[in-house]
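Here's the letter readout for the chains.
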Amino acid sequence: MSISLRSLILLPIWISMAHIQQGGPDEKEKTTALKDLLSRIDLDELMKKDEPPLDFPDTLEGFEYAFNEKGQLRHIKTGEPFVFNYREDLHRWNQKRYEALGEIITKYVYELLEKDCNLKKISIPVDASESEPKSFIFMSEDALTNPQKLMVLIHGSGVVRAGQWARRLIINEDLDSGTQIPFIKRAMDEGYGVIVLNPNENYIEVEKPKIHVQSSSDSSDEPAEKRERKDKVSKETKKRRDFYEKYRNPQREKEMMQLYIRENGSPEEHAVYVWDHFIAQSAAENVFFVAHSYGGLAFVELMIQREADVKSKVTAVALTDSVHNVWHQEAGKTIREWMRENCCNWVSSSEPLDTSVESMLPDCPRVSAGTDRHELTSWKSFPSIFKFFTEASEAKTSSLKPTLTRRSHRIKHEEL
């Protein structure tokens, strides 16, 4: 339904209100009544009547899209990039179509992690019963046994899942910029074990059970004839209500309820759980984190809860446009000092890559990611992050600090 059609729906009401307002005080009640009627009209619900069914393909082939040799999503027939506005003036339908494609992309990336990167899918909680909700992470074969190096990847918040940095980049740019796959492959080539977290997989959704309220007509005190009459009225009322609801909201989606996953009900809980059951148990002498956006906040929360363990095992942390806040998260002085020496945050900035960026917070150094687009910061800082980790590892061996943390731009807050 277009905006002009919306106007046609409301035009008679507007005209009536205009006529009434020209009358005297006696007409005020009518104006109020019409305004109340207008406020009750849900245009979004009305628009759903003209929507095509929310019935979308469940494969890339069904959408007639595929990834080419450059990792770009292209239409199979036209070779064109993905088009969001597939149906003009149907934004909600287009959004639902985009979300359906996004779910397919998520499964596609999972397949790449297993088949292309040779990672194993590990179910959590590790002691989950057959019937309880579960999530999963991905690990390389040597993640827990590699004696030297382990890399841990944490994405940000939202719809992204394990192996992704940004769904928007995967759909509109390419797999390299939007997924963690380049990080995983290079890490494995350089001898790292790898663990890929899945911090947004916090619950499963199931259809909400319908609650049947027992009718008062079931009372044995009432005569059978009266109960039958009341049942008939109740059925007719329900029939009318269902018919109206179908007309008012033909695209009504199922009512769902969320069943949270034990000890993994939030990104912060998930990070702590994976630390306790996997990372802390690993043989690696040097653990490295790459955390994007909200993933940085989850890492800081992990450090607050497991400070001594993190300090003893983690060599360096690369944050990309992290949204952590050491004040709001109440990170102590010793944590802030450790972060200044062992972390670096590549932030969105129009400055060239690795240019120092001032910070108002007394935590880790901030440098430019070489892009002012938040979702691209991980991909654009990719080479610098691996260089940072190499320097950190060498510095640890020689009891020196990595170059990035010794730069003159480092904020000093000894007085704090």
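Residues numbered from 1 in each chain as written. Predicted model: local features only at pLDDT ≥ 70, side-chain atom pairs only at ≥ 80, totals over all residues. Heavy atoms only, no water.

Digging into the overall build of the protein
In step 1: If you tally the helices and strands in the protein, you get 15 helices and twelve strands.
In step 2: Scored against the burial criterion, the 416 residues of the protein give a buried share of 45%.
In step 3: Looking at the protein alone, contacts between residues at least 24 apart form 70% of all its contacts between residues at least 6 apart.
In step 4: When the accessible area of the protein is evaluated, it comes to approximately 22,700 Å², of which 50% is carbon and sulfur surface. (Helix = DSSP H or I, 4+ residues; strand = E, 2+ residues; numbered from the N terminus. Buried < 20%, exposed > 50% of the residue type's maximum accessible area, 1.4 Å probe, protein only. Contact = heavy atoms within 4.5 Å. Areas by Shrake-Rupley, 256 points an atom, 1.4 Å probe, with all protein chains shown as cover.)

Description of the sheet that holds strand 5 (residues 149-154)
In step 1: Here we have eight strands laid out as an open sheet, ordered 3-4-6-5-9-10-11-12, and mixed in their pairing. Since the sheet does not close on itself, it has two edges, and those belong to strand 3 (120-124) and strand 12 (366-368), each with one partner. Taking the axes of each pair of neighbouring strands and ignoring which way they run, one obtains an average angle of 20° across the sheet.
In step 2: Two strands pair when backbone bridges link them, and strand 10 (residues 314-320) and strand 11 (residues 343-347) are joined in this way by four bridges, in the parallel orientation. Counted as the bridge partner of A318 is C344 from strand 11.
In step 3: Across the sheet, helix 8 (residues 181-189) is in contact with strand 5, strand 6 (192-196) and strand 9 (286-292); its angle to strand 6 comes to roughly 155°. (Pairing = 2+ DSSP bridges. Axes fitted to C-alpha atoms, helices over the stretch in contact; angles between N-to-C directions.)

Digging into unusual backbone geometry
In step 1: Looking along the chain, the bond that leaves I124 and enters P125 is cis, with omega of 0°.
In step 2: Looking at where P125 falls in the secondary structure, it is placed in the loop between strand 3 and strand 4 (135-139).
In step 3: In this structure, E64 is a non-glycine residue whose phi angle is positive, near 65°.
In step 4: The residue E64 is located in the loop between helix 4 (60-63) and strand 1 (65-67) in this model.
In step 5: Located in the positive-phi region is D354, a residue other than glycine, with phi close to 75°.
In step 6: For D354, the location among the structural elements is in the loop between strand 11 and strand 12.
In step 7: The partly exposed category is assigned to D354, whose relative accessible area is 24%.

Description of the pattern of salt bridges
In step 1: Under the counting rule described, the total for this entry stands at 14 salt bridges.
In step 2: Between E64 and K77 there is a salt bridge, with its nearest N and O atoms 3.2 Å apart. Here the residue E64 occupies a position in the loop between helix 4 and strand 1, and K77 occupies one in the loop between strand 2 (73-75) and helix 5 (91-115), the gap between them amounting to 13 residues.
In step 3: Judged by relative accessible area, which is 29%, E64 ranks as partly exposed.
In step 4: Salt-bridge contacts for K185 lead to D116; the nearest nitrogen and oxygen are separated by 2.9 Å. In this pair, K185 sits in helix 8 while D116 sits in the loop between helix 5 and strand 3, placing the two residues 69 residues apart along the sequence.
In step 5: Residues participating in the shared-partner salt-bridge network are D127, E132, R262 and E263. (Salt bridge = Lys/Arg side-chain N within 4 Å of Asp/Glu carboxyl O.)

Quick word on the packing of helix 8 against helix 15 (residues 382-397)
In step 1: Their axes nearest at 11 Å, the elements helix 8 and helix 15 cross at an angle of 35°. When you trace helix 8 past helix 15, the crossing you get is right-handed. When helix 8 is examined against helix 15, the residues P182, F183, R186 and A187 are found in contact with a partner set consisting of F382, P383, I385 and F386.
In step 2: Here the contact of helix 8 with helix 15 is composed, by residue class, of seven nonpolar, no polar and one charged. (Left-handed = near helix turned anticlockwise from the far one by under 90°. Nonpolar A, V, L, I, M, F, W, Y, C, P; charged D, E, K, R; others polar.)

Remarks on helix 10 (residues 267-277)
In step 1: For helix 10, the tally of buried residues reaches eight of eleven residues, placing the bulk of the element in the interior.
In step 2: Looking only at helix 10, the buried set comprises P267, E268, H270, A271, V272, Y273, V274 and W275.

Examining the packing of aromatic side chains
In step 1: All told, the structure shown has 21 aromatic pairs when counted by the stated rule.
In step 2: Centre to centre, the rings of F183 and F386 are 6.0 Å apart; their planes meet at 35°, and the pair counts as tilted. Linking F183 in helix 8 with F386 in helix 15, this pair joins segments that are 203 residues apart in sequence.
In step 3: Considering the side-chain rings of F388 and F389, the 5.9 Å spacing of their centres and the 35° angle between planes classify their relative orientation as tilted.
In step 4: For F389, a relative accessible area of 0% gives the class buried.
In step 5: Through a chain of ring-to-ring contacts, the aromatic side chains of W165, F183, Y192, F288, W346, W379, F382, F386, F388 and F389 assemble into a single cluster.
In step 6: Directly above the ring of Y110 sits K121, whose terminal nitrogen or CZ lies 5.9 Å from the centroid.
In step 7: If you follow K121 out to its NZ or CZ, it ends over the ring of F136, 4.1 Å from the centre. (Phe/Tyr/Trp six-rings, centres within 6.5 Å; stacked < 30°, edge-to-face > 60°. Lys NZ or Arg CZ within 6 Å of the ring centre and 35° of its normal.)

Remarks on the side chain of T106
In step 1: Here T106 shows up in helix 5.
In step 2: Within the structure, T106 has its side chain in polar contact with the side chain of Q164 (distance 3.1 Å).
In step 3: In contact with T106, not counting residues within four places along its chain, are R161, Q164 and R167. (Polar contact = N/O pair within 3.5 Å; in protein donor to acceptor, adjacent residues only side chain to side chain.)

Quick notes on the confidence of the model for the protein
In step 1: With 74% of its residues at a pLDDT of 70 or more, the protein has an overall mean of 84.
In step 2: Counting interchain partners and residues more than four positions distant, the pLDDT-below-50 stretch residues 1-5 has eight contacts.
In step 3: Note that pLDDT drops below 50 for residues 405-416; the model gives that stretch 26 contacts with residues more than four away or on any other chain. (pLDDT = per-residue confidence, 0-100.)

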